[in-house]
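# Fold and contact review
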Amino acid sequence: MPINVWFYWAVIFLWIGINAFGSSRISSNYHVKAFCNNPLEKEKKIALTFDDGPSIYTLEVLELLKKFNAKAIFFCIGKNIETHPEIIEKVIEEGHLVGNHSYSHSKFFDFYNAKQITEELQKTDQLLEKFTSKKINFFRPPYGVTTPSIRRALKITGHKVIGWNIRSLDGGTTDVELILNRIKKRVSPGGIVLLHDTGKHSVLVLEQFLQFLQQNNYQVVPIEELLNLKAYED
């Protein structure tokens, strides 16, 4: 095979690799701009985010947040909002923010076209706006994957993408000690922590993590305060 053909294939594989890396790493800003932390924050302030709810465990999360006087943002799946509308109502009543995490959180979301993604975001916004009466500004892509189709959809919906720089991996393991040690080692001013409100192990992690933050004089602040962004539009 001629050398120029090998070079051609090498370029293709390199392009595929770069695209795969950029798409799967939300902090790369490869397809869309994502707010993953505030590197300018010097004080001991961080934000807590919860994905995939609402669920029955969201209520336990809310109790812990109240106990430690902490505010968070919950990135909600539309179909779960329909299942637990009373929980979303409680989240908002207790002063927490809500964000869009798609309607279906389908495993195939990354392969949806811009029209499908736009419809999912708009449908979930409509569900959330029944409780907030305000336009939802923040979106977190399922699995943290971004694509050209998501970029095109966001030009229509106007959402800002919120990522993270402290990933707990509590969606993949139930080992409380492993999760807790992972996030404690990564804590720094201006950080955004990704947790889930869909399992008992995450609740156990949260309680110990909030104790750790308190002991180390960290303040949990609303994400719009940390990033100096508006979470809702009137």
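Up top is the structure.
Note that the coordinates shown come from a computational prediction; the quantities given were computed from them, not determined experimentally.

### What about the pattern of salt bridges?
Per the counting criterion, the structure on display carries nine salt bridges. Where K67 meets E207, a salt bridge forms, and the shortest distance between an N and an O atom there is 3.8 Å. Residue K67 is found in helix α2 (residues 56-67), and its partner E207 is found in helix α8 (residues 200-215); the two are separated by 140 residues along the sequence. Through salt bridges that share partners, E43, K45 and E225 make up one connected network.

### So, the pairing of strand β4 (residues 97-100)
The two faces of the sheet receive side chains in turn, since in a regular strand these alternate between them. A two-sided burial pattern is seen for β4, the buried positions comprising L97 and G99 on one face and V98 and N100 on the other. With four bridges joining them, strand β3 (residues 72-76) and β4 adopt parallel strand pairing. Looking at β4, one finds that F75 is bridged to G99.

### So, the pairing of strand β2 (residues 45-51)
The element β2 is extensively covered by neighbouring structure, given that seven of its seven residues are classed as buried. Burial along β2 is two-sided: K45, A47, T49 and D51 and I46, L48 and F50, pointing in opposite directions, are all buried. Note: β2 against strand β10 (residues 219-220), two bridges, orientation parallel. Residue pairing for β10: I46 is matched across the bridge by V220.

Rules and cut-offs
Residues numbered from 1 in each chain as written. Predicted model: local features only at pLDDT ≥ 70, side-chain atom pairs only at ≥ 80, totals over all residues. Heavy atoms only, no water. Salt bridge = Lys/Arg side-chain N within 4 Å of Asp/Glu carboxyl O. Helix = DSSP H or I, 4+ residues; strand = E, 2+ residues; numbered from the N terminus. Buried < 20%, exposed > 50% of the residue type's maximum accessible area, 1.4 Å probe, protein only. Pairing = 2+ DSSP bridges.

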